[in-house]
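# Residue-level structure breakdown
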Amino acid sequence: MRILLHRADGKTEPWIKDFAKYLPEAEIEIWHAGEKNQACDYAVVWSPPEAMLPELSTVKAIFVTGAGVDALLKFGDALPPHIPIIRLEDAGMAIQMAEYVTHSVLRYFRRFDEYEAQARAGQWAPLPQHHKEDFAVGVLGMGVLGTRVLEALAPFGFPLRGWSRTEKNMPGVQCFRGADGLDTFLRGSRVLVCMLPLTPDTSNIMDRTNMSKLPAGSYIINVARGAHIAEPDLLTLIKSGHIAAATLDVFRNEPLPAQHPFWQEPRITITPHISALTLRRESVQQIAANIRKTETGEQVAGVVDRILGY
Ligand code: NDP
Ligand code: OXD
């Protein structure tokens, strides 16, 4: 069996070693622009260049080394719809998301962001505490990662809310669904955490209209995709005080350009798309197991619905 591998960072050796360990029967072919590649059975990619489309169109399945597949689905039908796209499910990312979001929620709840600013200014000034009953955390997206985040937040006693496309039932979490449930979900969420896939339905979901529905003094945490937020609207609402602060891990343009106004806004905390890193060994293990299942005709988890876009 032959696997076509594309790594934008060019660091292919460790991946080849891990595939040799977990799928020794596979030969790895590295994709290079402008070179003739041998026909391959599977492709392993994250954000492939358009020039790779001819090779991607002839494999049995495409494995994505991430949870989100927007970087692949943007090609539309140029990627033949019959070729399954299989994403990572957790593979060590869920615990990282739980750490990142829990840290951010507690930072705002205990006002550490404000104490950090005070300390920089040499100020000793205890602030009034926030109350948990006024600090409901609403998670947009109750999938593999969103569910793990809600589980991690549960022991702290915040009112928890989740929003998804289909109906959910999670103990201790007030669940909302669909466009009809969004309004009520937003109006009661003091902290809004975005863990949605980027699809035509979710693009710009955090625009001025929706963010204005959050209670005054709310917080935004975006660990999904930059295009979920209308960036100028967020700035306007932060400047007006309606949004107290935001922690953003993802941006429309990455790396975030040096002249972007977010860098100048002290109430925005920026991290460079690290909330949940792809762990190579766990990813190769999951992909290897899924390739074996595909070879024997077994069902695999993580197959993307091309119509829904996730
Ligand atoms: P899943 O597919 O498991 O979960 C997606 C969730 O979003 C589901 O609950 C789904 O609802 C919900 N959803 C999708 N569309 C809609 C809609 N139109 N309305 C309401 N709910 C909707 O994805 P993961 O949890 O694995 O990953 C989520 C995203 O996190 C990824 O797509 C990726 O963009 C991002 N990510 C970011 C990383 C980072 O480092 N910043 C790392 C990893 C992932 P339902 O359950 O009803 O289908
Ligand atoms: C992912 C990501 O989707 O790293 O896995 O953003």
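About the cut-offs
Residues numbered from 1 in each chain as written. Chains lettered and ligands numbered in written order. Predicted model: local features only at pLDDT ≥ 70, side-chain atom pairs only at ≥ 80, totals over all residues. Heavy atoms only, no water. Pairing = 2+ DSSP bridges. Helix = DSSP H or I, 4+ residues; strand = E, 2+ residues; numbered from the N terminus. Axes fitted to C-alpha atoms, helices over the stretch in contact; angles between N-to-C directions. Near = heavy atom within 4 Å. Polar contact = N/O pair within 3.5 Å; in protein donor to acceptor, adjacent residues only side chain to side chain. Areas by Shrake-Rupley, 256 points an atom, 1.4 Å probe, with all protein chains shown as cover. Nonpolar A, V, L, I, M, F, W, Y, C, P; charged D, E, K, R; others polar.

Looking up the protein chain in an unreviewed UniProt entry gives the name Glyoxylate/hydroxypyruvate reductase A, with the organism given as Duganella rivi.

So, on to the sheet that holds strand β11 (residues 243-248). Strand order in the open sheet formed by 7 strands is β8-β7-β6-β9-β10-β11-β12, and the pairing between neighbours is parallel. Each of the sheet's edge strands pairs with one partner strand only, and the pair in question is β8 (173-177) and β12 (268-270). Between one strand axis and the next, the sheet turns by 15° as a mean value, whatever way the strands run. As paired elements, strand β10 (residues 218-222) and β11 share 5 bridges and run parallel to each other. By the bridge assignment for β11, I221 is matched with T247.

Around ligand 2 lies a shell formed by W46, G66, A67, G68, M93, R225, H273 and A276. A distance of 2.7 Å separates an oxygen atom of ligand 2 from a polar backbone atom of A67. At 2.7 Å, a side-chain N or O of H273 approaches an oxygen atom of ligand 2. Calculation on ligand 2 without its partners gives an accessible area of 210 Å², and the protein chains cover 87% of this total. Residue composition of the shell around ligand 2, by class: 4 nonpolar, 3 polar and 1 charged.

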